[in-house]
Amino acid sequence: QVQLVESGGGFVQPGGSLRLSCVASGISNYAGAWFRQAPGKEREFVAAIMSSGDSTYYADSVKGRFTISRTNRKNTVYLQMNSLKPEDTAVYYCAAVRDLYFSGSYYTQPSYEYWGQGTQVTVSS
């Protein structure tokens, strides 16, 4: 059984930082990603990383502020979020797809097989 468990969300003031973690169990050799959903909006892509960690992808809105990384030994994908803005407020979801089953685009939700429950990030003064 595959499980993705996010942690690290919370409340932070504008300009602050948070680091999200996504620990996976029951899966290996997978691409990982973060999506987010703000109140009243559709879920959107944030960042993705290949299983090797060699390639990363970012939404334009977070480039230069967010960094996705992974530690395969710990089966964990991270999202370091710096210079946070109120518009970054959302529930952040971790997603994963096994290399063998990947097709399409890292930027789209249907490409991913498994999802976490989400962690709330609130940026406000």
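One structure accompanies this document, and this report is about it. (Residues numbered from 1 in each chain as written. Predicted model: local features only at pLDDT ≥ 70, side-chain atom pairs only at ≥ 80, totals over all residues. Heavy atoms only, no water.)

## Remarks on the pattern of salt bridges
Item 1. Summed over the entire model, instances satisfying the criterion amount to 5 salt bridges.
Item 2. One salt bridge in this structure joins arginine 36 and glutamate 44, with 2.7 Å as the shortest N-O distance.
Item 3. What makes arginine 36 buried here is its relative accessible area of 5%.
Item 4. Between arginine 65 and aspartate 88 there is a salt bridge, with the nearest N and O atoms lying 2.7 Å from each other. Of this pair, arginine 65 sits in the loop between β6 (56-58) and β7 (66-71) while aspartate 88 is found in the loop between β8 (76-81) and β9 (90-98), placing the two residues 23 residues apart along the sequence.
Item 5. Linked through salt bridges whose partners overlap, the residues forming this network are Arg36, Glu44, Arg65 and Asp88. (Salt bridge = Lys/Arg side-chain N within 4 Å of Asp/Glu carboxyl O. Buried < 20%, exposed > 50% of the residue type's maximum accessible area, 1.4 Å probe, protein only. Helix = DSSP H or I, 4+ residues; strand = E, 2+ residues; numbered from the N terminus.)

## Quick look at the pairing of β8
Item 1. Burial runs high along β8: 5 of the 6 residues are buried.
Item 2. With 6 bridges joining them, strand β3 (residues 18-25) and β8 adopt antiparallel strand pairing. Paired with arginine 19 across the two strands is glutamine 80, which belongs to β8.
Item 3. Looking at chain direction, β7 and β8 are connected through 6 bridges and run antiparallel. Looking at the pairing, threonine 71 lines up with threonine 76 of β8. (Pairing = 2+ DSSP bridges.)

## A look at the pairing of β3
Item 1. The pairing of strand β1 (residues 3-7) with β3 spans 5 bridges and is classified as antiparallel. Pairing of valine 5 across the sheet is with valine 23, part of β3.

## Observations concerning the environment of valine 2
Item 1. Checked against the element boundaries, valine 2 lands in the segment before β1.
Item 2. Exposure remark for valine 2: the relative accessible area of 23% places this residue in the partly exposed category.
Item 3. Setting aside residues no more than four positions away along its own chain, valine 2 makes contact with Ser25, Gly26, Ile27 and Tyr114. (Contact = heavy atoms within 4.5 Å.)

## Topic: the state of the cysteines
Item 1. Inspection of every chain in the model, using the stated rule, returns 1 disulfide.
Item 2. Covalently, cysteine 22 is tied to cysteine 94 through a disulfide, its sulfur atoms 1.9 Å apart. Taking the torsion about the sulfur-sulfur bond, which here is approximately -80°, the covalent link between cysteine 22 and cysteine 94 counts as left-handed. Linking cysteine 22 in strand β3 with cysteine 94 in strand β9, this pair joins segments that are 72 residues apart in sequence. Considered together, cysteine 22 and cysteine 94 belong to a single accessibility category, that of buried residues. (Disulfide = S-S within 2.5 Å.)

Limitation: the analysis is restricted to geometry and does not speak to function.
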